[in-house]
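Structural characterization, general
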Amino acid sequence: MSLPELTETTSPDRVELPGSRGEHFLQCALETSDRATRFYSDQVLDHLNPAMAEFVGRMEMAFISTADADGECDSSLRAGPAGFLRVIDSRTLVYPEYRGNGVMASLGNIMENPHVGMLMVDFADDLIGLHVNGRARIAPLEEFAVEGEAEAGPGGKKVERWVVVEVQEAYVHCRKHIPRMVPVDRVRHWGTDDVKRKGGDFFGVKADKASGAGG
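These numbers come from a predicted model, not from an experiment.

Turning to helix α3 (residues 50–58), its buried residues number three or more, namely Met 52, Phe 55 and Val 56. End-on view of α3: buried residues confined to an arc of 100°, all on one side of the axis. With respect to the buried face of α3, the exposed residues turned more than 90 degrees away are Pro 50 and Ala 51. Check the buried side of α3 and you find it contacts β3 (86–89), β5 (115–122), β6 (128–140) and β7 (159–173). Measuring from the backbone nitrogen of Ala 51 back to the side-chain oxygen at the start of α3 gives 3.2 Å, which picks out Asn 49 as the cap.

To continue, consider the sheet that holds strand β4 (residues 92–98). With antiparallel pairing, 7 strands are arranged side by side in an open sheet as β2-β1-β5-β6-β7-β4-β3. Sheet topology places β2 (73–79) and β3 at the edges, where each strand pairs with a single neighbour. Within this sheet the neighbouring strands show an average axis-to-axis angle of 35°, counted without direction. Here 8 bridges tie β5 to β6, and the two strands are oriented antiparallel to one another. Residue pairing across strands places Asp 122 opposite Ile 128, the latter belonging to β6.

Take the pattern of salt bridges next. One pass over the full model with this rule turns up 7 salt bridges. With a shortest N-O distance of 3.0 Å, Asp 122 and Arg 58 are connected by a salt bridge. With Asp 122 in strand β5 and Arg 58 in helix α3, the pair connects residues that are 64 residues apart, well separated along the chain. Of the charged contacts in the structure, one is a salt bridge between Asp 126 and Arg 58, with a shortest N-O distance of 2.6 Å.

On inspection of all chains with the given rule, the structure shows 3 aromatic pairs. On the basis of an interplanar angle of 85° and a centroid distance of 5.9 Å, the ring pair of Phe 39 and Tyr 171 is categorised as edge-to-face. Placement of the pair is Phe 39 in helix α2 (residues 33–43) and Tyr 171 in strand β7, with a sequence separation of 132 residues. On the accessibility criterion, Phe 39 (32% relative accessible area) is partly exposed. Measuring from ring centre to ring centre gives 4.9 Å for Phe 202 and Phe 203, while their planes differ by 80°; the resulting arrangement is edge-to-face. Classification of Phe 202 by relative accessible area gives exposed; the value is 70%. Judged by its relative accessible area of 71%, Phe 203 falls in the exposed class.

Reading the values: the criteria
- Residues numbered from 1 in each chain as written.
- Predicted model: local features only at pLDDT ≥ 70, side-chain atom pairs only at ≥ 80, totals over all residues.
- Heavy atoms only, no water.
- Buried < 20%, exposed > 50% of the residue type's maximum accessible area, 1.4 Å probe, protein only.
- Helix = DSSP H or I, 4+ residues; strand = E, 2+ residues; numbered from the N terminus.
- Arc of directions from axis to C-beta.
- Contact = heavy atoms within 4.5 Å.
- Polar contact = N/O pair within 3.5 Å; in protein donor to acceptor, adjacent residues only side chain to side chain.
- Pairing = 2+ DSSP bridges.
- Axes fitted to C-alpha atoms, helices over the stretch in contact; angles between N-to-C directions.
- Salt bridge = Lys/Arg side-chain N within 4 Å of Asp/Glu carboxyl O.
- Phe/Tyr/Trp six-rings, centres within 6.5 Å; stacked < 30°, edge-to-face > 60°.

Below is the structure:
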């Protein structure tokens, strides 16, 4: 079916609910408003409850979504041993920024547009996910440093700065389509600049550019 057009004057009578004007519009157009309202009522918080805080504290990775001032999007992965994501209080969590490729795509977007979306997934045990949406800012190392972390954070990785997320929405990601994965031991070369250990030219981009190939 074709959808009616969302215009600046379109204003579904759902503005008191969480979520965007676009999602409310589609809920009305596709007749899912009742289901969506139940989800908002039962599952969406504006803070982290104790169960969510415990979940965050044992996660070893998070997917981070940002966008620049024009709305151009980027998604990235942050990883570390359990505890690298730190809940400060029910409305604040922080994660460390380690040495990377120097592009600063996520941080650059946050400089222009503070809105950030995080998704944490337990692929191994509970098969469940947690969304955290909020507003982010970049903080210096000293703001959240603890003894022993000034040079090496969790896992021996050097923390360069922090991202502080003010929680605005927190809600479950259902387990229906989450695959089960089994963790295996591996040596992680945190912060390495070794090309091979970082994955080298896995997708052949450098080689294609050198040869003049391309789409």
